[in-house]
Amino acid sequence: MKKHLKAMACITAATLMSVSAHAGLSQPAVVNVDMDNLFAGGDMISARGAKEDNVFIGCGTRNVEDGSGGLFSWAFCQAADADEEQVTCFTFNPDLVKTIREINDASYITFSWTDDGAGTLTCTRMGFSTQSFYLPKQKKPKKKKDD
Amino acid sequence: MRVCSEGKVKLGASKLFAVLVVQTALLLFLGYRIMILETRAPEAQTQPINNNPVATPINSNADTSYNAASRAETRQIIREEIDAVEGRLLEAIEQSGAVRSKALTSRPRKLDGRETAQINTMVENQINSFVAQGDASQAEMAELEQMIAKLPPSERIKAMGQLSKAVNNGQLDVRF
């Protein structure tokens, strides 16, 4: 009986310690492509760490000289989720193109689009959020005995 | 682009022709002035004698000095006329040269309808080729993007629309 009590105490202590080692809000956002509401979102870290090989999310820009002294600038967002829903939209709106600068490695990305009915998708909204709860958990370093 | 360079050649040829016409006109003008001066020179030689019958007796030395002075004066006038014509010619040549160099360094002109149609066809063929193979490499996409960039803005959006359709209909697997 004493042995059982000791074991339970050890398990409880270990559980409490593990909770304290992983403190901090964690709210990963797995990639979701919603073809009904023309919306996609997800964080880069969850996408990269997804079990499924096809999952991804991202946005980018292209700036190409037009040969006449001008620049052809456009941006895109694309994503694929675990349900194999995939989307790619483009935008030529210069203000929207500029917003891509906000992305970083740990960003949550969200975007919306319009569909002309024939498959031409135009990005109408791009959003980026960089917050601690999208970052992977990091184990705290173990305390030394003399501390 | 070939049409563009032909256009420049035509422009250059027309400018050269204009310079040639100006040069010819100036040479004719110079010839005309020389002819007038030649006709006036004998008059200049005879006028003082005719107008001044009581002038100093004409001797061979005086006649020689007068003729020499007259010839020098005539040469001076001709030289001035030639200088003026040369100046005008140089100015005309410089202007035509400036036009030529400007034509070489200026921005390429906008595409005409035929060129736009040609690039549109190339873009369409390229997208169809990608669809046929099912995917496109980053290098192939870069080439396509450069082609699309040459199009007028409204045509670019149409071309990108074709690309969007191919990608979102699952016909073309690309990562930008």
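In the block above lies the structure referred to throughout.
Quick caveat: nothing in here was measured; it's all calculated off a predicted structure.

Asker: Looking at this model, I keep getting lost on a negative patch on the surface. Mind explaining?
Answerer: Residue and element names in this part refer to chain A. A cluster of like negative charges, contributed by Asp36, Glu52, Asp53, Asp83, Glu84 and Glu85, occupies part of the molecular surface. Considering the arrangement of structural elements, one finds Glu85 in the loop between strand E4 (71-80) and strand E5 (86-91). We classify Glu85 as partly exposed; its relative accessible area is 32%.

Asker: Just to check I follow, could you spell out the pairing of strand E2 (residues 39-43) of chain A for this structure?
Answerer: Note on strand geometry: in a regular strand, side chains alternate between the two faces of the sheet. Residues and elements named next belong to chain A. In terms of burial, E2 is a largely internal element, four of the five residues being buried. Pairing geometry for strand E1 (residues 32-34) and E2, over three bridges, is antiparallel. Paired with Asn32 across the bridge in E2 is Gly41. Where E1 hands over to E2, the hairpin turn is made up of four residues, of which Leu38 adopts a positive phi near 50°. Pairing of E2 with strand E6 (residues 108-115) involves five bridges; the strand directions are antiparallel. Residue pairing in the sheet places Gly42 in a bridge with Ile109 of E6.

Asker: How should the pattern of salt bridges be read in this particular structure?
Answerer: One side chain can pair with another of opposite charge once the charged atoms of both are near each other. Inspection of every chain in the model, using the stated rule, returns five salt bridges over all chains. With its nearest N and O atoms 3.3 Å apart, the salt bridge here joins Glu145 of chain B to Arg62 of chain A. Here Glu145 of chain B, found in helix H4 (residues 138-149), pairs with Arg62 of chain A, found in strand E3 (residues 56-65), and the two come from separate chains. With relative accessibility at 6%, the residue Glu145 of chain B sits in the buried group. Taking the shortest distance from any N to any O, the salt bridge between Arg175 of chain B and Asp173 of chain B comes out at 2.9 Å. Residue classification places Asp173 of chain B among the partly exposed positions, given a relative accessible area of 42%.

Asker: Please clarify how the state of the cysteines should be interpreted in this entry.
Answerer: Think of a disulfide as a covalent bridge from one cysteine sulfur atom to another cysteine sulfur atom. All names here are of chain A. Enumeration over the complete set of coordinates arrives at two disulfides over all chains. A disulfide bridge connects Cys59 with Cys77, and the sulfur atoms are separated by 2.0 Å. The disulfide joining Cys59 to Cys77 has a torsion of about 105° about its S-S bond and is therefore right-handed. Residue Cys59 is found in strand E3, and its partner Cys77 is found in strand E4; the two are separated by 18 residues along the sequence. Across the pair, exposure class does not vary: Cys59 and Cys77 are buried alike. Across the disulfide, Cys89 is cross-linked to Cys123 (sulfur-sulfur distance 2.0 Å). An S-S torsion of about 105° defines the bridge between Cys89 and Cys123 as right-handed. With Cys89 in strand E5 and Cys123 in strand E7 (residues 121-129), this residue pair connects regions lying 34 residues apart in the sequence. Both residues of the pair, Cys89 and Cys123, count as buried.

Asker: Can you help me understand the side chain of Asp43 of chain A in this one?
Answerer: All names here are of chain A. You can see Asp43 is positioned in strand E2. Within the buried set, Asp43 has no salt-bridge partner at all; the shortest N-O distance to an opposite charge, 11 Å, is to Arg48. Only 2.6 Å separates the side chain of Asp43 from the backbone nitrogen of Ala29, close enough to count as a polar contact. Setting aside chain neighbours within four positions, we find Asp43 in contact with Pro28, Ala29, Ile57, Ser107, Tyr108 and Tyr134.

Asker: I'm lost on the nonpolar core in this one. Help?
Answerer: The nonpolar side chains of a soluble globular protein tend to be buried with one another. Of all hydrophobic cores here, the largest spans 24 residues; its most connected members are Val123, Met141, Leu144, Leu163, Leu172 and Phe176 of chain B. When contributions to this core are tallied by element, the ones reaching two or more residues are E4 of chain A together with helix H3 (113-133), H4 and helix H5 (153-168) of chain B. Among residues more than four places away in sequence, those in contact with Leu144 of chain B are Val123, Gln126, Ile127, Phe130 and Leu163 of chain B. Ranked by size, the runner-up nonpolar core spans 23 residues in total, among them Cys89, Ile100, Trp113 and Leu121 of chain A.

About the cut-offs
Residues numbered from 1 in each chain as written. Chains lettered and ligands numbered in written order. Predicted model: local features only at pLDDT ≥ 70, side-chain atom pairs only at ≥ 80, totals over all residues. Heavy atoms only, no water. Patch = residues over 30% accessible without salt bridge, like charges linked within 9 Å, V, L, I, M, F, W, Y side chains within 5 Å. Areas by Shrake-Rupley, 256 points an atom, 1.4 Å probe, with all protein chains shown as cover. Salt bridge = Lys/Arg side-chain N within 4 Å of Asp/Glu carboxyl O. Lys, Arg positive; Asp, Glu negative; His and termini not counted. Charge placed at Lys NZ, Arg CZ, Asp CG, Glu CD. Helix = DSSP H or I, 4+ residues; strand = E, 2+ residues; numbered from the N terminus. Buried < 20%, exposed > 50% of the residue type's maximum accessible area, 1.4 Å probe, protein only. Pairing = 2+ DSSP bridges. Disulfide = S-S within 2.5 Å. Polar contact = N/O pair within 3.5 Å; in protein donor to acceptor, adjacent residues only side chain to side chain. Contact = heavy atoms within 4.5 Å. Core = buried A, V, L, I, M, F, W, Y, C linked by side-chain atoms within 4.5 Å.

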